[in-house]
Amino acid sequence: MHRCTRIGAYVWAAPNTAVGLLAGLAAFLLGARLSAVSHALAFSGGWLGRWVDRLPPACRFSAMTLGHVILAVNTASLAESREHELVHVGQYERWGPLFLPAYLLSSLWQVLCGRRAYWDNHFERQAFGRDRPSQSPS
Ligand SMILES: [Zn+2]
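Reading the values: the criteria
Residues numbered from 1 in each chain as written. Predicted model: local features only at pLDDT ≥ 70, side-chain atom pairs only at ≥ 80, totals over all residues. Heavy atoms only, no water. Buried < 20%, exposed > 50% of the residue type's maximum accessible area, 1.4 Å probe, protein only. Helix = DSSP H or I, 4+ residues; strand = E, 2+ residues; numbered from the N terminus. Pairing = 2+ DSSP bridges. Donors = N, O, S within 2.8 Å, 3.2 Å for Na, K, Ca; no water. Tetrahedral: all angles 85-135°; square planar, octahedral: opposite > 155°, others 65-115°.

## As for the pairing of strand 4 (residues 69-72)
Argument step 1. Residues V69 and L71 of strand 4 are buried on one face, and the alternating residues I70 and A72, pointing to the opposite face, are buried as well.
Argument step 2. Sheet analysis places strand 2 (residues 40-44) next to strand 4, joined by 4 bridges and oriented parallel. What sits directly across from A42, in strand 4, is I70.
Argument step 3. Relative to strand 4, strand 3 (residues 63-66) is paired through 4 bridges, and the arrangement is antiparallel. Looking at strand 4, one finds that M64 is bridged to L71.

## Focus on the coordination of the zinc ion
Argument step 1. On the protein side, the zinc ion has H84 (NE2), H88 (NE2), E124 (OE) and E124 (OE) as donor atoms, found 1.9 to 2.6 Å from it.
Argument step 2. Relative to the metal, the 4 donor atoms surrounding the zinc ion lie at angles of 54 to 151 degrees, and the coordination shape comes out irregular.
Argument step 3. If you list the donors of the zinc ion from N- to C-terminus, the spacing comes out as H-x3-H-x35-E. Here H88, found in helix 3 (residues 75-95), pairs with E124, found in helix 5 (residues 122-127); they are 36 residues apart in sequence, far enough to count as distant. Here the two residues H88 and E124 agree in accessibility, since each one is buried.

Right under this line is the structure:
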């Protein structure tokens, strides 16, 4: 990516990155590890990660991305979800502040069509490398 385009991508995704940095700072203060993953920052582990890992299955996640910040419950989850989360980073770079509303609308649309909010979400299908809805990851 050209340097000007890269800077523009950081600026365009900055509102989401700011939220990610706040969450990451909280995780870091609670013992999370900070690392660089490609052109994003990652916070993994710590007390907050252990807490998320103990949530009921419907609320649990192994990693999530907010702008250029990846939050993972532990380093193993970060390693497993790295490529998936980097697709989301690219989505934030393209959609900027519109990403989260578009993501939520995609989930809502899937539910209204009788499909699954997460697995059939356009952005998740893209991150899992799937083209067709209703196809579970292997
Ligand atoms: Zn995802």
